[in-house]
Amino acid sequence: MLLERLLEAAQGIVVGQRQALELLWVALISEGHVLLEGVPGVAKTLMASTLSHLSGLKFQRVQFVPDMLPSDLIGGLVYEGPGRFSVKQGPIFTQVLLADEVNRAPAKVQSALLESMQERQVTIGETTYKLPRPFWVIATQNPIEQEGTYPLPEAQVDRFLFRIDVEYPSEGEELEVLRRWARALYPPPPAPLLTAEEVLSLQERARQVAVSPQMEAYMVRLVRATRDLSGGKLKRWEGRVSWGASPRAALALHRAARARALLYDRNQVLPEDVKAVALAALAHRIILSYAAIAEGLSARAFIEDLLKEVPYQ
């Protein structure tokens, strides 16, 4: 199975984090950008660089900071003499962009990043430049540190196919990390398993995976149920969900489920594919009320209730 080969190679470098790695592979094949959220030190950067290496893609890491300018990301015009300018391309001209601590950059930088994520292009001066293909953004943010950060615009958060919560490792995994570090047992990186051309081919094949009308109806019912909380177990969420998921959420489920089916060597989407990607695809598109947050409720708990309440047929 393709996914098992990819995961085995990735976990030779990254200890644990199997679920996060699987979702990252799904996002890459479905051409969807990812927001990785987790405390410092849980291998967010390592996962991004490992996947780009195994995919045979060019990788750039950009540290976002409060005094950053759009030109620091996309590049700009360089004056070379009277009436003469040349274009200096920024680090965004890559195939995998790691936007580290993305919520530290001001609004103008976020706007430039948003154009590249949505349109796969950037504008320098009066000229628009296409970005390399494939083009994939992995952004990270620290959920516990708020000083010197800017809240991401909802329009930008909605452009991320997934938001993946990177959890702490298990005790055994943390012990393995410690042993590798203490004994300098860093395995050499394996040879890339894919090339850029093969990634593009997989992305095209994912678009051909069959999705039945019943499956599409199931995806739409899931998304619409985030906005209609009148029945069953979802009744307890009335007044606790301020905004449900937008129609873009159904598109995210559709894209991600097809990519997951392909990685599991299937040519048709099953309900398990939708359920496996639902939390990462929907949770960041749900806005809880202040009352729900005060009660200690989470979007994860809401999605878990949603999957139990909404039947496939």
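The sections below set out a description of the structure shown in this document. (Residues numbered from 1 in each chain as written. Predicted model: local features only at pLDDT ≥ 70, side-chain atom pairs only at ≥ 80, totals over all residues. Heavy atoms only, no water.)

There is a patch of nonpolar side chains on the surface, built from Leu77, Tyr79, Phe85 and Val87 and spanning about 420 Å² of accessible area. Of all the secondary-structure elements, those providing two or more residues to the nonpolar patch are β3 (75-81) and β4 (84-89). Within the element layout of this structure, Tyr79 appears in strand β3. What makes Tyr79 exposed here is its relative accessible area of 52%. (Patch = residues over 30% accessible without salt bridge, like charges linked within 9 Å, V, L, I, M, F, W, Y side chains within 5 Å. Areas by Shrake-Rupley, 256 points an atom, 1.4 Å probe, with all protein chains shown as cover. Salt bridge = Lys/Arg side-chain N within 4 Å of Asp/Glu carboxyl O. Helix = DSSP H or I, 4+ residues; strand = E, 2+ residues; numbered from the N terminus. Buried < 20%, exposed > 50% of the residue type's maximum accessible area, 1.4 Å probe, protein only.)

A few words now on the sheet that holds strand β2 (residues 59-63). Spatially, the five strands line up as an open sheet ordered β2-β5-β8-β1-β9, and their pairing is parallel. Two strands lie at the open edges of the sheet, namely β2 and β9 (162-165), each paired on one side alone. Recorded for the sheet is a direction-independent mean angle of 20° between the axes of neighbouring strands. Pairing of strand β1 (residues 34-37) with β9 involves four bridges; the strand directions are parallel. Among the inter-strand pairings, Leu36 is bridged to a residue of β9, identified as Ile164. (Pairing = 2+ DSSP bridges. Axes fitted to C-alpha atoms, helices over the stretch in contact; angles between N-to-C directions.)

Where helix α2 (residues 18-29) contacts helix α10 (residues 247-263), the axes come no closer than 8 Å and their chain directions differ by 110°. One element, α2, and the other, α10, form an angle in the roughly perpendicular class. For the pair α2 and α10, the sense of crossing is right-handed. Residues Glu22, Trp25, Val26 and Ile29 of α2 form the contact with α10, whose own contacting residues are Ala256, Ala259, Arg260, Leu262 and Leu263. Grouping the amino acids of the contact of α2 with α10 by side-chain chemistry returns seven nonpolar, no polar and two charged. (Parallel < 35°, antiparallel > 145°, perpendicular 65-115°, else oblique. Left-handed = near helix turned anticlockwise from the far one by under 90°. Contact = heavy atoms within 4.5 Å. Nonpolar A, V, L, I, M, F, W, Y, C, P; charged D, E, K, R; others polar.)

Quick look at the packing of α2 against helix α3 (residues 44-54) now. Running from N to C, α2 and α3 cross one another at 50°; their axes reach a closest spacing of 11 Å. One element, α2, and the other, α3, form an angle in the oblique class. Viewed along their axes, α2 and α3 form a crossing whose handedness is right-handed. Two secondary-structure elements touch here, α2 through Ala20, Leu21, Leu24 and Trp25 and α3 through Met47, Leu51 and Leu54. Each residue belonging to the contact of α2 with α3 can be placed in one class, and the counts come to seven nonpolar, no polar and no charged.

So, about the packing of aromatic side chains. This model, assessed by the stated rule, comprises two aromatic pairs. Both rings, one in Tyr218 and one in Tyr312, keep their centres 5.6 Å apart while their planes meet at 85°; by these two values the pair is edge-to-face. Taken as a pair, Tyr218 in helix α9 (residues 213-225) and Tyr312 in the segment after α13 (299-309) lie far apart in primary sequence, 94 residues in all. When its relative accessible area of 0% is taken as the criterion, Tyr218 is described as buried. For Tyr312, a relative accessible area of 25% gives the class partly exposed. (Phe/Tyr/Trp six-rings, centres within 6.5 Å; stacked < 30°, edge-to-face > 60°.)

The analysis is restricted to geometry; functional conclusions fall outside its scope.
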